[in-house]
Amino acid sequence: MESAEVARRFLNFFHERGHTVVPSASLIAEDPTLLLVPAGMVPFKPYFLGQRTPPSPRMTSAQKCVRTPDIEEVGKTTRHATFFQMLGNFSIGDYFKEGAIPLAWELLTRSEADGGFGFPEEKLWATVYTDDDEAQDIWHKQVGVPLDRIQRRGLEDNYWHMGVPGPGGPCSEIYYDRGPEYGREGGPIADEDRYLEVWNLVFMQSQLSEVRSKVDFDVRGDLPSKNIDTGMGLERMAAILQGVDNIYETDTLWKILDRAAELTGTKYGRDHRSDVSLRVIADHVRSGMMMVADGIRPGNEGRGYVLRRILRRSIRNLRLLGGEEAGLMHELTSVAISTMGEQYDDLVRTAANIHTVIDAEEESFLSTLRTGTAIFDAAVEETRRSGRPLLGGEQAFKLHDTYGFPIDLTLEMAGEQGLRVDEDGFRRLMSEQRDRAKQDARDKKTGNLDVSVLDELLTRSGGKVDFIGYNDVLGEARLAGLLVNGANVQAAGEGTEVEVVLDRTPFYAEGGGQLADHGVIRLGNGAVVEIDDVQSPLAGLVVHRGRVRSGEAQVGDTAHAEIDVERRRAISRSHTATHMVHAGFRRALGESAAQAGSENSPGRFRFDFTASGAVPPSVLRDVEDEVNEVLVNDLDVRAFHTSIDQARAMGALALFGEKYGDEVRVVEVGDYSRELCGGTHVARSGQLGLIKVLGESSIGAGVRRVEALVGIDAFRFLARESVLVAQLAEQMKTRKEELPERISGVVARLREAEKDLEKLRSQQVLAIAGALADGAADVNGVAYVGHRAPDGTGADDLRKLAVDVRGRLTARPAVVMVAGVPKDRPVVVIAVTEGARERGLKAGGLVGLAAKTLGGGGGGKDDLAQGGGADAAAIGEALTAVERAVGAA
Ligand code: SER
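Residues numbered from 1 in each chain as written. Predicted model: local features only at pLDDT ≥ 70, side-chain atom pairs only at ≥ 80, totals over all residues. Heavy atoms only, no water.

Draft legend 1. View of the sheet that holds strand 34 (residues 857-860). An order of 30-31-32-33-35-34 is seen for the six strands of this open sheet, with the pairing classed as mixed. Of all the strands in the sheet, just strand 30 (777-779) and strand 34 have a single pairing partner and so form its edges. For this sheet the average axis-to-axis angle between neighbouring strands, irrespective of direction, equals 20 degrees. The pairing of strand 34 with strand 35 (residues 864-868) spans four bridges and is antiparallel. (Pairing = 2+ DSSP bridges. Helix = DSSP H or I, 4+ residues; strand = E, 2+ residues; numbered from the N terminus. Axes fitted to C-alpha atoms, helices over the stretch in contact; angles between N-to-C directions.)

Written as structure tokens, this is what we have:
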């Protein structure tokens, strides 16, 4: 059974039993406690916590997940992988254990012909939590599993939580017995290789406030209802149903692995080391591809770093197998896209984009490897010279931090040189850096990350703060919560920095590239809070940050919220302009110019998009021209809600990280642009007035950034430029139109003059050639010229002079040495004639002698050689040394 079919069957089974099929959410978790979605239940968390109302009390999904804590184990074992998909059924206060257990049993044991997975009953085992008699009774009495195939286990195995504060509960797991050839009798507690866990049924009932470890946590209380969260690993299920040994041999991963083997001329199953590499490549290429598809871009922090690490590990492992050339990642990514495309049709649609990002990362890493290797070699040499047995932790850290050299690469290359690495030192520096980054993140946006505090605020503001700012710039609300230094307080006095939560607000929280509104909140008791930042740290929650300007802010008071309208208008202009410029680039460059980020600030916006190279200036001009032409037609800007499918059908551009919920908001500018967007916009395109593209640059592998101005800022920029041009024209004494021609004329003349000057200088140097040749000394029958040229004579001229003098002495054995100081360091050139060479006088050797005297080195051919040194004061000595050598020949 193909992997895609396993998912289809699972979803169908639950769909037929009243479950709403919820599409997989993006891998970018909409949860401040997580970087990436690590479990199928993550998108359902707000429903478990009672913060949001689910679309239906019964749901089912196949969710993409990435887990990286065990990344080092990937490939070394066949059980670990960074990317996997979790099939699950969810009940929010609907059925509980008595529903979940029989449903799971039915799907597993129903015949394949009947839409089930066809497992023989006697091959299935169940585990329940230590004291969960209820679950055991259901397994035994209701389902009919004999007691000797039901085992009890403790917190370690049969309690599930997210590892962070949130929902949790005891669970019951189902195991499949692969048979005696895989291990010992005795059920899952005896041998988890023989008995494979296939499904985890979690009875979500508690809310955890503190989680210190898997088995050490505090329960704050009950969840609003008793829920079900189940998780079945799609890959593992596919392995069992396809009769293969492990997930790497299932249809999807195998195709990537097999192609990697083919491309590197490796045979899978031949030796452990190559097998590990092949598995790493298969898993990581797929993981990386899926992450890129969800809009993550390689970077040095957060998700970007996880992605970079994954991609670089794949490239590194390809190289370990001998696959050194560029383009291998492209090929493997294509295979990954086609194998996963059946389940995720977006992949095929955005393939060009995915390739652009991955190809660029490959290119940049290959060049990193080239530079890094030179730095690494220098570090090894230094270590050897100093007689230390360890390559320093700082060096390993610098290689990692500055040159992107993964530590495993450093370890391995050092091993090849017979050196060890100070790993402790390296890890210490890494952790210091992480702490700095965390502190930085805390100081910046994310602010307070104590989720239980945020959860509580959300609950107090009614589960979701109503955003009224699409239509209103002011509104009446209630002050639902106040934080000072991240802690809940009841009141805050004048001058205090506060975070304010209202039950409804006209303030736009920074998001989707749009900057936050500023403004004031006036409270019923007369207190005033000035707001200069607004964030949404948790879906549905809006936190206003600012300072109490006067009076005392008190929870529960009425609030009159009012945003800075001018700022908002300017930001909205930028946002609409960004959509139009995005549309313009798509028209000019094609589908692959997908937005990779943006920032809409007052009067100014920037727009990042994927492209394989620089955008030609002519394209920039054309897009700018087109957008300006379109916007003056004063198109209607309209926002409306619709289903994601409908929006797609209308051709709306969906950006990465969109939540594929039931409804999306679409913003369209006439017929010119249509995008999914939660931001604020102008009412008509004419309000933009004007846009001016400032330029384009690279901000990382495969990503370009366009910066532009809009409205009065664009006008002022152009006005300033115009003044500048007028000033130039006046200075150049010409008309504006003739400036370019005039300036190139001046530049050309300047170049001519420089060349003439250069020629004159050479002539001057060479003018003395005749005199030098005439004055050659006779040293033991050899004509010898030793000359020190004036300081500042260029190395070229020194050489010319030496050659010229030699030309005048060709009939005799002659040695000509010219020394000088072109910049700070001395240079010598020696030219010898054939006659001199016959007497054993070679230019290379003589220069070596001179350069040594000057504290440097050099060399060259027998007839002409050049060298240099550090000590200009030793030139006289060098001349004498060479003369003496000539005399001794
Ligand atoms: N949350 C549970 C798990 O991830 C079941 O879905 O295993």
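Let's pick the thread back up.
Draft legend 2. Region of the structure containing the environment of aspartate 275. Along the polypeptide, aspartate 275 turns up in helix 8 (residues 272-293). In this structure, the C-alpha to C-alpha distance between aspartate 275 and threonine 77, residues 198 residues apart in sequence, is 9.9 Å. Among all residues touching aspartate 275, those that are not within four sequence positions of it are Lys267, Tyr268, Gly269 and Arg270. A distance of 2.7 Å separates a polar atom in the side chain of aspartate 275 from the backbone nitrogen of glycine 269. (Contact = heavy atoms within 4.5 Å. Polar contact = N/O pair within 3.5 Å; in protein donor to acceptor, adjacent residues only side chain to side chain.)

Draft legend 3. Highlighting empty space enclosed by the protein. By the definition in use, this model includes two cavities of 30 Å³ or more. The calculated volume of the largest cavity comes to roughly 220 Å³. Taken together, the residues of the lining of the largest cavity sort by class into 10 nonpolar, two polar and six charged. Taken together, Ile315, Leu318, Arg319, Gly323, Glu324, Glu325, Leu328, Glu362 and Leu366 make up the lining of the second largest cavity. Breaking the lining of the second largest cavity down by element, the ones donating at least two residues are helix 9 (302-320) and helix 12 (351-385). At three residues, the largest contribution of residues to the lining of the second largest cavity is made by helix 9. The residue makeup of the lining of the second largest cavity, split by class, is four nonpolar, one polar and four charged. (1 Å grid on protein atoms, 1.4 Å probe; cavity = no way out; pocket = protein on both sides within 12 Å on 5 of 7 lines; lining within 4 Å. Points joined across faces, edges and corners; volume = space filled by probe spheres on them. Nonpolar A, V, L, I, M, F, W, Y, C, P; charged D, E, K, R; others polar.)

Draft legend 4. Local environment of the site of the ligand. In the vicinity of the ligand, the residues found are Ala39, Met41, Arg67, Met86, Trp160, Asn200, Val202, Asp229, Thr230 and Gly231. With respect to the ligand, the backbone of threonine 230 contributes an N or O atom lying 3.2 Å from an oxygen atom. One of the backbone N or O atoms of glycine 231 is found 3.1 Å from an oxygen atom in the ligand. With the chains in place, 95% of the 240 Å² that the ligand exposes on its own is no longer accessible. Residue contributions to the shell around the ligand peak at three residues, all from strand 9 (residues 217-233). A class-by-class count of the residues in the shell around the ligand yields five nonpolar, three polar and two charged. (Near = heavy atom within 4 Å. Areas by Shrake-Rupley, 256 points an atom, 1.4 Å probe, with all protein chains shown as cover.)

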